[in-house]
Amino acid sequence: MAIEDNPQSRVKYGEELRRLREAAGLTQEELSQRAVMSRTHIAHIEAGRRRPDVDDARRLDQVLGTGGFFVRFLPALDGREVAEHFKEALEFEGKASVIREYAPKLVPGILQTESYAREVLGSGYPPKTAEERDKLLVTRLQRARILDDFHSPKVWTLFDEAVLRRVIGSPAVMCEQLRHIVALGESRRIGVHVLPFTAGAHSLLEGFLSLMWFENLPPIAYAEGLKSGRLLELPSVVRQCQELYDHALGDALSHRMSLDLLKAVAEDYEHEAQRAHHP
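About the cut-offs
- Per chain, the residues get numbers from 1 upward, laid out in the order the sequence is written.
- Thresholds applied to this predicted model are a pLDDT of at least 70 for local features of residues and 80 or more for the giving and counting of side-chain atom pairs; totals over whole chains, interfaces and linings are not thresholded and use all residues.
- Side-chain metrics rest on all non-hydrogen atoms present in the structure, leaving aside hydrogens and water.
- Buried Ala, Val, Leu, Ile, Met, Phe, Trp, Tyr and Cys residues form a nonpolar core when they are joined through side-chain atoms within 4.5 Å.
- Partly exposed describes any residue whose relative accessible area lies between the buried limit of under 20% and the exposed limit of over 50%, with all areas from a 1.4 Å probe on protein chains only and scaled to the type maximum.
- Under the scheme used here, helices are H or I runs from DSSP no shorter than 4 residues and strands are E runs no shorter than 2 residues, and both carry numbers assigned from the N terminus.
- Contact between two residues is taken to exist if any of their heavy atoms lie within 4.5 Å; hydrogens are not considered.
- DSSP-based pairing: two strands are paired if at least 2 bridges between them are found.
- Angular values range over 0 to 180 degrees, each being the angle between N-to-C directions of two axes fitted as lines to C-alpha atoms, with helices fitted over their stretch in contact.
- We define a polar contact as two N or O atoms separated by no more than 3.5 Å, with the added condition that, inside protein, one atom must be a possible hydrogen donor and the other a possible acceptor, whereas residues neighbouring each other in sequence contribute only through side-chain atom pairs.
- Note on aromatic contacts: the rings of Phe and Tyr and the six-membered ring of Trp form a pair at centre separations within 6.5 Å, being stacked when their planes are under 30 degrees apart, edge-to-face when over 60 apart, and tilted otherwise.
- Charge over a ring is defined by NZ of Lys or CZ of Arg lying within 6 Å of the ring centre and within 35 degrees of the ring normal.
- Each salt bridge in this description consists of a side-chain nitrogen of Lys or Arg and a carboxyl oxygen of Asp or Glu lying within 4 Å of one another.

Turning our attention to the nonpolar core. Of all hydrophobic cores here, the largest spans 39 residues; its most connected members are F159 and L164. Of all the elements, helix α10 (residues 171–186) adds the most residues to this core, at seven residues. In this structure F159 touches A103, V107, P108, L111, L164, I181, V192, H193, V194 and L195, once residues within four positions along its chain are discounted. With 14 residues, the next largest nonpolar core counts Y13, I42, A57 and L64 among its residues.

As structure tokens, then:
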């Protein structure tokens, strides 16, 4: 019996957590130890700034003896279709004032064109129906709306060169996608840097990383792998992720050189698409 996730529902949820915690005679630190959660995370939940995941809610119910209350009334995303492991990160993405991402294989979701996103979302296993894919597509395109405001969030994206070279869909799809990124970069809406193959091994080889800063919350990091993702909020870990990003950025091409490379690769894709239509 989940309720819609919005600021008001999160505040009420947090107030109830605080009331039941105090009724049990526990401090935030004591609850954090028993529920295997950080004290900071509990403080953010009680203040209505964060939404616990299902496992958090189960542990809270178990420790506080609330008979499933925190699971039943867990604020749920309002119909947006995303991978389960990305739900909490999606919520923070919409609130961030600064986003820095490293993309090892695919164009990040907020930068994807409709054609590119449709190919990505339709390529998974097990196969999705057209309806399932389109639900995911709507959410992905909605995510890109955060770029409508020129000033916030400030976005920097670090691409592995593999993102440019891997053909998703067709040369025509790739040409459109890369030129979309170029347009955003040339307008200074986003910062673009490419890690060329010649950089060799670097500090972010392990996978996708997103760093987010906020006006009224501490920064967080989100790391993603195969069918999994982790939201990282421990300050020391977040700082380590920031340092890894900065170290890799030092091996990347400049913004201007990166845009020039994107243009050149897009032009190659355009010529390839033309040859396919006129052999």
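Taken across its seven residues, strand β4 (residues 154–160) has five buried, putting it largely inside the fold. Direction of pairing for strand β3 (residues 98–103) relative to β4: parallel, over a ladder of six bridges. By the bridge assignment, R100 is partnered in β4 with W156. Pairing between β4 and strand β5 (residues 190–195): six bridges, direction parallel. For W156, the partnering residue across the bridge sits in β5 and is G191.

The next subject is unusual backbone geometry. In this structure, the amide linkage connecting S152 to the following residue, P153, adopts the cis form with an omega of 0 degrees. Looking at the element boundaries, P153 is found in the loop between α8 (130–143) and β4. In this structure, R188 takes a positive phi of about 65 degrees despite not being glycine. For R188, the location among the structural elements is in the loop between α10 and β5.

Turning our attention to the sheet that holds strand β8 (residues 228–232). As summarised here, the arrangement of the six strands in space is β5-β4-β3-β6-β7-β8, forming an open sheet in which the pairing is mixed. This sheet does not close on itself; its edge strands, each paired only once, are β5 and β8. Adjacent strand axes in the sheet meet at a mean angle of 10 degrees, parallel and antiparallel pairs treated alike. Where β3 meets strand β6 (residues 208–213), five bridges bridge the pair, whose relative direction is antiparallel. Across the sheet, residue I99 finds its bridge partner in β6, namely M212. Here α10 sits on the sheet and contacts β4 and β5; the angle it forms with β5, its principal contact strand, is near 125 degrees.

Here we come to the side chain of Q28. Among the structural elements, Q28 can be located in helix α2 (residues 28–35). Q28 gets classed as buried once you look at its relative accessible area, which sits at 19%. At 2.8 Å, the side chain of Q28 and the side chain of E46 are in polar contact. Once residues lying within four places of it in the same chain are set aside, the contact partners of Q28 are R21, R39, I42, A43 and E46.

The subject of this paragraph is the environment of A201. Structurally, the position occupied by A201 is in the loop between β5 and β6. For A201, a relative accessible area of 67% gives the class exposed. Taking C-alpha positions, A201 is 38 Å from H44, a pair spaced 157 residues apart along the chain.

This part covers the packing of aromatic side chains. Counting across every chain of the model gives four aromatic pairs. Look at F208 and Y222: their rings are 6.5 Å apart centre to centre, the planes differ by 65 degrees, and that puts the pair in the edge-to-face class. Separated by 14 residues along the polypeptide, F208 in strand β6 and Y222 in strand β7 (residues 220–225) bring together distant segments of the chain. The exposure class assigned to Y222 is buried, which follows from its relative accessible area of 1%. Here a set of aromatic residues connected by ring pairs shows up, and it is made of Y13, F69 and F70. R100 extends its terminal NZ or CZ atom over the ring of W156, reaching a point 4.7 Å from the ring centre.

So, on to the pattern of salt bridges. The tally for this structure, following the rule as stated, stands at 14 salt bridges. Note that D134 and R133 form a salt bridge whose closest N and O atoms lie 3.1 Å from each other. Judged by relative accessible area, which is 22%, R133 ranks as partly exposed. In this structure, a network of salt bridges that share partners links the residues R21, E22 and E46.

Here we take up the environment of S203. Examined against the element boundaries, S203 turns out to sit in the loop between β5 and β6. A relative accessible area of 23% places S203 in the partly exposed class. As a C-alpha pair, S203 and Y245 span 42 residues in sequence and 7.3 Å in three-dimensional space. When neighbours within four sequence positions are excluded, S203 is seen to be in contact with L244, H247 and A248. Here L244 takes part through its backbone oxygen, which lies 2.6 Å from a polar atom of the side chain of S203. Within polar-contact distance, the side chain of S203 engages the backbone nitrogen of A248 at 3.3 Å.

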